[in-house]
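Residues per chain, in single letters:
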Amino acid sequence: MDETEQRIIDLIEEHRQEILDFARDIEGHPEPGFQEVRTAKKTAELLKKYGYEVQEGIALTGVRGDWNSQDGGLERISGAGKNAAGKSTGKFPNISVIGEMDAIGCKAHPMADAQNGTAHACGHHAQMAVLAGAAMAFADPEIRKQITGSLTFLAVPAEEYIDADKRAVLRKQGICFGSGKSEMIRRGEFDNTDLVMTTHVHMVPVEEDFYLGNPACNGFAAERVTVRGKAAHAAIDPWNGVNALSIASSAIQMMGLMRETFREEDHVRLHNVIRKAGDVVNSVPDEAVVETKIRASSLERIQEVQEMIDRAYDGAAYAFGGKIERERIPGYMPVRPREADSALVQAAEALGVSFRTVKPGDFNNACTDMGDLTQLFPVVNFTFRGFEGRLHGEDFRITDEEKAYILPAKLMALTIYRLLRNDAREAKKIVDDFTPVFDKKQYIEYIEKQM
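Caption draft 1: Structural detail: the layout of surface pockets. Empty space within the largest pocket amounts to approximately 870 Å³. Along the wall of the largest pocket there are 39 residues; nearest its centre are Ile 104, Glu 160, Tyr 161, Ile 162 and Asp 163. Looking at the lining of the largest pocket residue by residue, the class counts come to 17 nonpolar, 12 polar and 10 charged. Each pocket or cavity is described by its volume, and for the second largest pocket that value is around 330 Å³. Lining the second largest pocket are 19 residues, and of these Ala 221, Ile 302, Gln 306, Tyr 446 and Gln 450 lie nearest its centre. Of all the secondary structure elements, the ones that give two or more residues to the lining of the second largest pocket are strand E10 (219-228), helix H9 (299-320), strand E13 (323-329) and helix H13 (440-449). Considering each element in turn, the lining of the second largest pocket owes the most residues, 6 residues, to H9. Class assignment of the residues belonging to the lining of the second largest pocket gives a composition of 11 nonpolar, 4 polar and 4 charged.

The structure is reproduced here in C-alpha cells:
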C-alpha cells in the first residue's frame, strides 16, 4: 500500500462517523423509486459540501457530482462516443460511481415507512454510504493530484421494478423508460462515462466478506395484459357471458405446463400477478388484468419466451371467445459477466479482507438495471457482507456496519485510485479491451421497439 492509499484509508477513517450517520439516516427514511426526494437532497448536500459540481433533479430525483482532473479532457472513449475503431482517443477516462437511492416495498419490515410502505431491505442505503465515503476521500487535493481523468458520483433513482400502473403516471412526468439507469442513459447522463463502478450487498451465497467481479444475471421483460370478456348474470345465464377470469386462469395454467420446455441454462422464470378479476362475484367477469414478468439469461431467450406467453394468452382468449389487449413493459437487460479486474483484486488484498472472485458459471437469477449498463460499458463490481436475513424480506438488517459501510467505501476508493493513477493506465486498458453490445443510439432504439 503506497502513501496515497494509506491517505485514502486514513481519510475514510476520519469521516467514519459521518459515513455511518449518513447510512443510518438514509436507512431510516426509505423512499420508492423516482420519489427519493429526501435521499436526493441529503446526497446533493453532501456532494456540495465536499466541493463537487452538483446537478439535481435528473430523471426527477437523480443527483450527480462531478470532478475533472486538470488533464481531464472529456473527449469520449466510451460506448456512447468511441472512435470508429472502438478504442480510446488518448484522453483520460471518466469513472462513474453508482449509488442506488430507492427502497423496496416491504410493509412488514420493522423499519418500513408507514406512509409509503417501503424499507431498505435490499441494502441500497449501504451503496449510498459507499458512494459518500469514496466522494469524501477524493475531495482531498493531495489525493486528486495523484490521479488523472474525471470522476462522477451518480445517485440514481428506481433500481427496483416499477409496476405498470405507476409507470403510466411516471410517463406523464416525462419518465419514458422504466428504470433509473435506463432513463438516465436515454437522457445522456452517461454520455461522458467510460467505466462504471458499482457495488451491492451479496446477492448470491458467498461466505467471504467480499465477492469481486460481476456474475451473470437474468434480464427480464414484462407486459400488462387486459383480458376482455362479456358480462352476464352468474346464476341466471352464465352461458351468455365470456369469463375473463377463466381466460386469464387458463393462460396462466398453460404457462405452467410450458415450464418443462425451459432449458436450465436459460434460467427462465415466470411471474404473474392478477391485478383485476371482475368487479362483483355474481356477474361473469368481463375484464381481467394480469401483469406478467419473464426472466431469462439472454435477450434472445427473453423474446422467445415472450412469444410463447403471448400464444398462451391468445389461445385462451380464442377458446373462450374473448379478446386480449397488451401493454409491453421493457424491463432490464441481462448482466454481462465480468471477472474481477486486477485493480479491484489488488485493492482487496491491500485491505487484507476475505474475498473470492467471480468464477465462470456463477449466476444470479435476479435482475438489475445494472445489466443495461453492462451492455454499454465495462462495469467494475463487487458485493459485500455485513447483513443477515432475506433480500427484500422483513428480516433483512445490517448487522456489521464496518463490513457494510466502511470497508466497502475503502475498497471502492482504493480501486478508483488504482484505476486512475499512472495516467489512468489501468482504466484505459479496461476501456480499450471492452466491446459494447450497443451504443447509446442503438440502446434507445432497442428499448423503444419493446414498448
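Caption draft 2: View of the pairing of strand E6 (residues 150-156). Most of E6 sits out of view: 7 of its 7 residues are buried. Alternating positions in E6 separate into two faces, Ser 150, Thr 152, Leu 154 and Val 156 on one and Leu 151, Phe 153 and Ala 155 on the other, with burial throughout. The pairing of strand E2 (residues 62-68) with E6 spans 6 bridges and is classified as antiparallel. From the neighbouring strand, Gly 65 faces E6, where its bridge partner is Phe 153.

Caption draft 3: View of the packing of helix H1 (residues 3-14) against helix H12 (residues 401-433). Two numbers describe how H1 lies on H12: the axes approach to 10 Å, and their chain directions differ by 150°. On the basis of their axis angle, the class for H1 and H12 is roughly antiparallel. By crossing handedness, the relation of H1 to H12 is classed as right-handed. Contacts from Thr 4, Glu 5, Ile 8, Ile 9, Ile 12 and Glu 13 of H1 reach H12 at Ile 406, Ala 409, Lys 410, Ala 413, Leu 414, Tyr 417, Arg 418 and Arg 421.

Caption draft 4: Here's a closer look at the sheet that holds strand E7 (residues 195-201). Pairing in this open sheet of 8 strands is mixed, and the strands run E1-E2-E6-E3-E7-E16-E8-E14 from one edge to the other. A single partner strand is all that each edge strand has here, and the edge strands are strand E1 (53-58) and strand E14 (355-357). Across this sheet, the average inter-strand angle for adjacent strands is 20°, counted without regard to direction. In the sheet, strand E8 (residues 210-212) pairs with strand E16 (residues 379-384) via 3 bridges, with the strands oriented antiparallel. By the bridge assignment, Tyr 211 is partnered in E16 with Thr 383.

Caption draft 5: The nonpolar core, seen in detail. Membership of the largest hydrophobic core comes to 78 residues, with the highest contact counts inside it found for Phe 138 and Tyr 405. Excluding residues within four positions of it along the chain, Phe 138 makes contact with Ile 8, Tyr 52, Ile 143, Arg 144, Ile 147, Leu 151, Ala 413, Ile 416 and Tyr 417.

Caption draft 6: Quick look at empty space enclosed by the protein. Considering all chains together, one arrives at 2 cavities of 30 Å³ or more under this definition. As a volume, the largest cavity reaches approximately 200 Å³. Around the largest cavity, the lining is made up of 18 residues, and of these His 200, Met 203, Asn 214, Thr 368 and Asn 381 lie nearest the centre. Elements represented by at least two residues in the lining of the largest cavity include exactly E7 and E16. If you tally residues by element for the lining of the largest cavity, the top one is E7, at 3 residues. Of the residues contributing to the lining of the largest cavity, the split by class is 7 nonpolar, 9 polar and 2 charged.

Caption draft 7: A look at the packing of helix H2 (residues 16-27) against helix H4 (residues 124-137). Two numbers describe how H2 lies on H4: the axes approach to 9 Å, and their chain directions differ by 150°. Classified by the angle between their axes, H2 and H4 sit roughly antiparallel to one another. Regarding H2 and H4, the two cross each other, and that crossing is right-handed. Residue-level inspection shows Glu 18, Ile 19, Phe 22, Ala 23, Ile 26 and Glu 27 of H2 in contact with H4, the latter providing His 125, Met 128, Ala 129, Ala 132, Gly 133 and Met 136. Tallied by class, residues from the contact of H2 with H4 come to 8 nonpolar, 2 polar and 2 charged.

Procedures and definitions
- Residues numbered from 1 in each chain as written.
- Predicted model: local features only at pLDDT ≥ 70, side-chain atom pairs only at ≥ 80, totals over all residues.
- Heavy atoms only, no water.
- 1 Å grid on protein atoms, 1.4 Å probe; cavity = no way out; pocket = protein on both sides within 12 Å on 5 of 7 lines; lining within 4 Å.
- Points joined across faces, edges and corners; volume = space filled by probe spheres on them.
- Nonpolar A, V, L, I, M, F, W, Y, C, P; charged D, E, K, R; others polar.
- Helix = DSSP H or I, 4+ residues; strand = E, 2+ residues; numbered from the N terminus.
- Buried < 20%, exposed > 50% of the residue type's maximum accessible area, 1.4 Å probe, protein only.
- Pairing = 2+ DSSP bridges.
- Axes fitted to C-alpha atoms, helices over the stretch in contact; angles between N-to-C directions.
- Parallel < 35°, antiparallel > 145°, perpendicular 65-115°, else oblique.
- Left-handed = near helix turned anticlockwise from the far one by under 90°.
- Contact = heavy atoms within 4.5 Å.
- Core = buried A, V, L, I, M, F, W, Y, C linked by side-chain atoms within 4.5 Å.

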